[in-house]
Amino acid sequence: FVSKRYGKQYRLPPGPPALPIIGNLPVFMTGKAPYRVMKNLADKYGSVFSLKIGTTPFVVLNDVDSIREALHHRSVDYAGRPCLYSVSLMSRNNCDIVFGDYTPGWRLHRRATAAALHKNIRGVGCEAMGIKITREAEYFTQLLMKKAGPVVDIENELNLAIINIISQLTFATRYTLDDPEYQALVDSNQKFSSLLKPGDPIDVFPALKIFPSKKLRLVQELIGSRDAILQKKYDEHLATFDPKSIRDITDTLIATMKESKDQNGNDVFCADHVVMATWDMFLGGYEATYKTIKWAIAFLIHHPEVQAKIQSEMTAGFGDRMPTWEDRAKLPYLEATVLETLRQSSMSSMNGPRRTTCDTQVKGYDVAKDTTVFCNLWWVHHDPKNWKDPMSFRPEHFLTEDGKVSVPRAFLAFSLGSRACIGSQLALMQLILLLGGLLQRFNLRQAVGEPLPDLEPGSELVRTVGDYTMCLEVR
Ligand code: HEM
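Keep in mind that this is a model prediction, so the values were computed, not measured.

### Let's talk about helix H13 (residues 332-345)
Here H13 spans 20 Å end to end across 14 residues, near enough to the 20 Å set by a 1.5 Å rise per residue. By the criterion of burial, H13 is predominantly enclosed, with 13 of the 14 residues buried. Where H13 terminates, the next one or two residues include serine 346, which has phi positive at roughly 40 degrees.

See below:
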């Protein structure tokens, strides 16, 4: 595993032999979930190993120490994103945060968007997000009251609650279930995430873009339907913008856009950056949170004893009213249940792909500039070296003996370093307040005559629990 370049010796991570042209692409074609395949390769080659997909080099990190070293201690070295052709189309040539590469312009964009998000969460010049989410939890449970019964599907109501939280934050707008704009927003978000598949031929061999393909047609259709909403919202905000009355994140970002100039007086933050940041709010804020709550409810149906503990905690803390963000300190068991859901589900199983921005190292191995790096968060969250009884759903993984919340260093659901999730606080607020509100009003039980939710997801990179129904018992 020692290679020589320009007379210098490099110690490269080991890995399976690669075929000409396609490299190790066949390892992704077994039908097995990629994070399981990576764990099996780690057993054979060690927790840091390398692969090639087409001609692109990949390094996969499978243990908490190497991930912390790379993403935290060498944060900037690992802060790039690989540029995928399909993604650059969707993100207006990488003008967004999630997919954009690590450049001075991107850093400004991320800083401005994170600042806008935190101002709106705290409620600087507008109502704080905690209040909005508690109110949304109230609407959510009122809609469910009409549906309670032995076999209930809550998908539509849950979708609506989360879209409404994100669209209040982003556009100061709420929807009803029958609003066509709401339906279009849900459809375009769900279809976009289904297009983000690793190893797609168009991304491995971008020269294929000259041939018509179903994927590219779908990407173009979805860009059209997404922009019909996001661009329209931006145009409306710009036309009515008043710096003395900031309504939401879009206004906060428009204010930043109007102020941002580089040393030569050129604009460095344009309309595309604002529109793509609003897309990021939906990509992260809606999709990830929706999928995690769906996981949480599935685990809770399997574990009525966990529901009972959360309900007693709420009764002891503040009676039978809806929980607020100020109640968080009184709800350690609920918070631990949310963290355990994030660990067990490991929705973002391999983290976002990173690109090395320079020649660097990890665990004593050399990693060349422009290597794509994946982190096997699923395995770190299930490795018995890190967790006692890792396959069981136990909120106690996140509690000290005296019942206080404690987050172990192997918990990486929101990633680490200069590209860590900017929405982790908002995500926790949504998860704690929506789940708390739901359990305050209902017991969640196995649907009568139906199986328990299936907790084994398919083989996709984004681990998603399948659809299920439940028995919703009013308390
Ligand atoms: C349960 C909910 C969520 C989970 C599990 C989650 C997890 C993650 C993960 C693993 C990353 C990848 C970071 C990396 O590449 O290292 C990420 C990135 C990101 N998340 Fe979240 N996230 C959630 C909710 C949110 C919310 C609510 C927002 C905003 C409203 C958000 C916005 C973002 C953005 C903008 C990025 C890109 C950061 C960058 O590339 O610099 N996320 N998230």
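### Section: the site of the ligand
Neighbouring the ligand are 27 residues; Arg81, Arg110, Arg354, Ser415 and Cys421 lie closest to it. Here an oxygen atom of the ligand sits 3.1 Å away from a polar atom, N or O, in the side chain of asparagine 351. Counting only elements with at least two residues in the shell around the ligand, the list comes to helix H4 (104-122), helix H11 (271-302) and helix H15 (424-441). Ranked by residues supplied to the shell around the ligand, first place goes to H11 with 6 residues. Of the residues in the shell around the ligand, the class split is 13 nonpolar, 10 polar and 4 charged.

### Quick look at the environment of serine 225
Inspection of the secondary structure assignment puts serine 225 in helix H9 (residues 214-239). Here the alpha-carbon distance between serine 225 and alanine 184, two residues 41 residues apart in the chain, equals 7.3 Å.

### Describing the coordination of the iron atom of the ligand
A lone protein donor binds the iron atom of the ligand: Cys421 (SG), at 2.3 Å. Among the secondary structure elements, cysteine 421 is positioned in the loop between helix H14 (377-380) and H15.

### Things to note about the packing of helix H6 (residues 155-171) against H11
Packing of H6 against H11 brings their axes to within 10 Å, and their N-to-C directions diverge by 150 degrees. With respect to H11, the element H6 is oriented roughly antiparallel. Two packed elements cross with a definite hand, and for H6 against H11 that hand is right-handed. Note on element contacts: H11 touches H6 through Thr278, Met281, Phe282, Gly285, Tyr286, Thr289, Tyr290, Ile293, Lys294 and Ile297, opposite Glu155, Leu158, Asn159, Ile162, Ile163, Ile166, Ser167, Leu169, Thr170 and Phe171. Residue composition of the contact of H6 with H11, by class: 12 nonpolar, 6 polar and 2 charged.

### Quick notes on the pattern of salt bridges
Counted by the stated rule, this structure contains 26 salt bridges. A salt bridge links lysine 363 to aspartate 63; the nearest nitrogen and oxygen atoms lie 3.0 Å apart. Of the two residues, lysine 363 is situated in the loop between strand E7 (360-362) and strand E8 (365-367) and aspartate 63 in the loop between strand E4 (56-61) and helix H2 (64-73); the sequence distance between them amounts to 300 residues. A residue is classified by how much of its surface remains accessible, and aspartate 63, at 13% relative accessible area, is buried. Here arginine 328 ties to glutamate 335 by a salt bridge, and the two come within 2.9 Å at their closest N and O atoms. What makes arginine 328 partly exposed here is its relative accessible area of 31%. Through salt bridges that share partners, Arg92, Arg226, Asp227 and Asp272 make up one connected network.

### Points about the sheet that holds strand E10 (residues 442-446)
Read across the open sheet, the 3 strands follow the order E5-E11-E10; overall the sheet is antiparallel. Each edge of the open sheet is held by one strand with a lone partner, namely strand E5 (149-152) and E10. Across the sheet, the mean angle from the axis of one strand to that of its neighbour is 35 degrees, orientation sign disregarded. Where E5 meets strand E11 (residues 470-474), 2 bridges bridge the pair, whose relative direction is antiparallel. Across the sheet, the residue bridging to valine 152 is methionine 470, located in E11.

### Thoughts on unusual backbone geometry
Positive phi outside glycine occurs at aspartate 389, with the angle close to 55 degrees. Structurally, aspartate 389 can be placed in the loop between H14 and H15. The exposure class assigned to aspartate 389 is partly exposed, which follows from its relative accessible area of 42%. Of note, the phi angle at serine 415 is positive, near 65 degrees, even though the residue is not glycine. Looking at the element boundaries, serine 415 is found in the loop between H14 and H15. Residue classification places serine 415 among the buried positions, given a relative accessible area of 14%.

### Things to note about the packing of aromatic side chains
What describes a pair of aromatic rings is the distance from one ring centre to the other and the angle between the planes of the rings. Tallied over the entire structure, the rule returns 12 aromatic pairs. Taken together, a centroid distance of 4.9 Å and an interplanar angle of 50 degrees make the contact between tyrosine 35 and tryptophan 378 tilted. Taken as a pair, tyrosine 35 in helix H1 (residues 34-45) and tryptophan 378 in helix H14 lie far apart in primary sequence, 343 residues in all. Judged by relative accessible area, which is 5%, tryptophan 378 ranks as buried. With 5.6 Å between their ring centres and 50 degrees between their planes, tyrosine 102 and tryptophan 106 make a pair best called tilted. Take tyrosine 102: its relative accessible area is 18%, and that puts it in the buried class. Each residue in the set Tyr35, Trp378 and Trp379 is aromatic and connected to the rest through ring pairs, giving one cluster.

What counts and how
Residues numbered from 1 in each chain as written. Predicted model: local features only at pLDDT ≥ 70, side-chain atom pairs only at ≥ 80, totals over all residues. Heavy atoms only, no water. Helix = DSSP H or I, 4+ residues; strand = E, 2+ residues; numbered from the N terminus. Expected span 1.5 Å × (residues − 1). Buried < 20%, exposed > 50% of the residue type's maximum accessible area, 1.4 Å probe, protein only. Near = heavy atom within 4 Å. Polar contact = N/O pair within 3.5 Å; in protein donor to acceptor, adjacent residues only side chain to side chain. Nonpolar A, V, L, I, M, F, W, Y, C, P; charged D, E, K, R; others polar. Donors = N, O, S within 2.8 Å, 3.2 Å for Na, K, Ca; no water. Axes fitted to C-alpha atoms, helices over the stretch in contact; angles between N-to-C directions. Parallel < 35°, antiparallel > 145°, perpendicular 65-115°, else oblique. Left-handed = near helix turned anticlockwise from the far one by under 90°. Contact = heavy atoms within 4.5 Å. Salt bridge = Lys/Arg side-chain N within 4 Å of Asp/Glu carboxyl O. Pairing = 2+ DSSP bridges. Phe/Tyr/Trp six-rings, centres within 6.5 Å; stacked < 30°, edge-to-face > 60°.

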